[in-house]
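So the chains spell out like this:
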Amino acid sequence: KKTKSGYSTSADVLEKLAPYFMIVENVLKYRQLTKLKSTYIDGLYPYIQEDGKIHSKFNQTVTATGRLSSSDPNLQNIPVRTEQGRLLRKAFVPSNEEYCFMDADYSQIELRLLAHMSGDEHLIGAFKRGEDIHRLTASQVLGIPTEEVTKQQRSRAKAVNFGIIYGISAFSLGDDLHISQKEAKEYIDRYFEQYPKVKEFLDRCVEEARERGWGITLFGRRRLIEEIQSSNFSKRSFGERVAKNMPIQGTAADIIKIAMVRVYQRLRKGGLKSRLLLTVHDELLIETYKGEEEEVEKILREEMMGAADLAVPLEVDIHRGENWYEAK
């Protein structure tokens, strides 16, 4: 790929070349490792304070979605997708041996909100029955029985399920899945045929944002979307994607904040030694006093699952361990 200064060596370009040249794969691995070292190992070291701990700052009004953000240092971007990146989490341990970590994570909260807010019976029914939503989507879109869905077909359906929430285009989906734009468009079209109320809901979000100038969450929190009125096609398209996504992602942000406050209040009210430590997107990390594990897990389940009354159940995955790696 040509750029002003020569040929591009960006990751997305190199990833397409990696299957053909071993050197490219090695360059990508080298980049990944040097980034882990410079950003996280070297980068976090200066933040270690006299008590041996890292104290991050949490910001209420930085993210456009409404979630809390973390800075100086950012503890919300500790890698989770690659195994070597995830190993960094072993460095995060409780204050002393009397504590362990408990991690509670909402399961597919945005897809559950899409089901509730669109009122689509297929999605609502699937979540109520506890079905594998990605396998079901692949089955319905491709017109094959769920037991015949391959790993690759499920993976594609997963990309479509989450992509739909973000107003993904056929071009972007094709790029993500390494398929043609035509094939990606057909996949999206078939998805909307199977889930017509999802399409109606997303279209309605765009129309309402165009009329009012903002998107709104289930709890009434607004986000201005000035780009949706722009005469510039790229800006307007961005505004439309935000209009589709904001009610869902914004509501997820509201829900985790409600849960966070309630969990904190329950821990205080119960006189527990366990304490709320960190929030990362749809996840809460609790430094849990050993002996209080059962009670803390009960509080997390009750307050996180009860933070909103939806047409589908809110599910929470909870794990514990001696460090953040084991708890996640």
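An account of the accompanying structure is given in this report.

Cut-offs used in this document
- Each chain has its residues counted from 1, following the order in which its sequence is written.
- With the structure being a predicted model, the display of local features is reserved for residues of pLDDT at least 70 and the display and counting of side-chain atom pairs for 80 or more, all residues being used for whole-chain, interface and lining totals.
- Side-chain numbers come from the whole structure's heavy atoms, not from hydrogens or water.
- Each cavity reported here is a set of points on a 1 Å grid over the protein atoms alone in which a 1.4 Å probe fits but cannot get out, each pocket an open set with protein on both sides within 12 Å along at least five of seven lines, and each lining residue one with an atom within 4 Å of a point.
- Grid points are joined across faces, edges and corners, and a volume is the space filled by probe spheres set on the points.
- A run of H or I in DSSP becomes a helix once it reaches four residues, and a run of E becomes a strand once it reaches two; helices and strands are each numbered from the N terminus.
- Note that Gly is not counted as nonpolar here; it falls among the polar residues with everything else outside the nonpolar set of Ala, Val, Leu, Ile, Met, Phe, Trp, Tyr, Cys and Pro and the charged set of Asp, Glu, Lys and Arg.
- Burial classes: relative accessible area under 20% of the type maximum marks a residue as buried, over 50% as exposed, and values in between as partly exposed (1.4 Å probe, protein chains only).
- Polar contacts here mean pairs of N or O atoms no more than 3.5 Å apart (in protein, one a potential hydrogen donor and the other a potential acceptor; neighbouring residues in sequence count only if both atoms are side-chain atoms).
- In this description, a line fitted to the C-alpha atoms serves as the axis of each element, helices being fitted only across the stretch in contact, and the angle between N-to-C directions of two axes falls anywhere from 0 to 180 degrees.
- Each angle gets one of four labels, with under 35 degrees taken as roughly parallel, over 145 as roughly antiparallel, 65 to 115 as roughly perpendicular, and the rest as oblique.
- Crossing handedness is read from the near helix: turned anticlockwise from the far helix by less than a right angle, it gives a left-handed crossing, and turned clockwise, a right-handed one.
- By definition, residues are in contact when any of their heavy atoms lie within 4.5 Å.
- In this scheme, strands are said to pair when DSSP sees at least two bridges between them.

1. Concerning the layout of surface pockets
Okay, so step 1: One number sums up the size of the largest pocket: a volume of about 1,800 Å³.
Okay, so step 2: Along the wall of the largest pocket there are 40 residues; nearest its centre are P79, V80, R81, K158 and H281.
Okay, so step 3: Only helix 1 (11-17), helix 2 (22-44), strand 5 (99-106), helix 4 (109-118), helix 7 (151-165) and strand 10 (316-321) provide two or more residues apiece to the lining of the largest pocket.
Okay, so step 4: It is helix 2 that contributes the most residues to the lining of the largest pocket, six residues altogether.
Okay, so step 5: For the lining of the largest pocket, a count of residues per class yields 14 nonpolar, 10 polar and 16 charged.
Okay, so step 6: As a volume, the second largest pocket reaches approximately 680 Å³.
Okay, so step 7: Contributing to the lining of the second largest pocket are 25 residues, with K53, I54, L75, F92 and V93 lying nearest its centre.
Okay, so step 8: Per-class residue counts for the lining of the second largest pocket are 18 nonpolar, four polar and three charged.

2. Remarks on the environment of Q60
Okay, so step 1: Within the secondary structure, Q60 sits in the loop between strand 3 (57-59) and strand 4 (69-71).
Okay, so step 2: On the basis of relative accessibility, which here comes to 53%, the residue Q60 falls in the exposed class.
Okay, so step 3: Sequence separation of Q60 and S70 is 10 residues, and the distance between their C-alpha atoms is 9.3 Å.
Okay, so step 4: A polar contact of 3.3 Å, which involves the side chain of Q60, links it to the side chain of K257.

3. Quick word on the packing of helix 5 (residues 121-128) against helix 6 (residues 133-142)
Okay, so step 1: Running from N to C, helix 5 and helix 6 point in directions that differ by 140°, and their axes come no closer than 10 Å. The angle between the axes of helix 5 and helix 6 places the two elements in the oblique class. Where helix 5 crosses over helix 6, the two elements pack in a sense that is right-handed. Residues H122, L123, A126 and F127 of helix 5 form the contact with helix 6, whose own contacting residues are I133, L136 and Q140.
Okay, so step 2: Residues belonging to the contact of helix 5 with helix 6 are distributed by class as follows: five nonpolar, two polar and no charged.

4. Looking at the sheet that holds strand 5
Okay, so step 1: Pairing is antiparallel across the open sheet formed by four strands, whose spatial order is 8-9-5-10. Unpaired on one side and paired on the other, strand 8 (275-280) and strand 10 mark the two borders of the sheet. The sheet shows a mean angle of 20° between the axes of neighbouring strands, taken without regard to direction.
Okay, so step 2: Of the pairings in the sheet, the one linking strand 5 to strand 10 comprises six bridges and is antiparallel in character. Looking at the pairing, Y106 lines up with V316 of strand 10.

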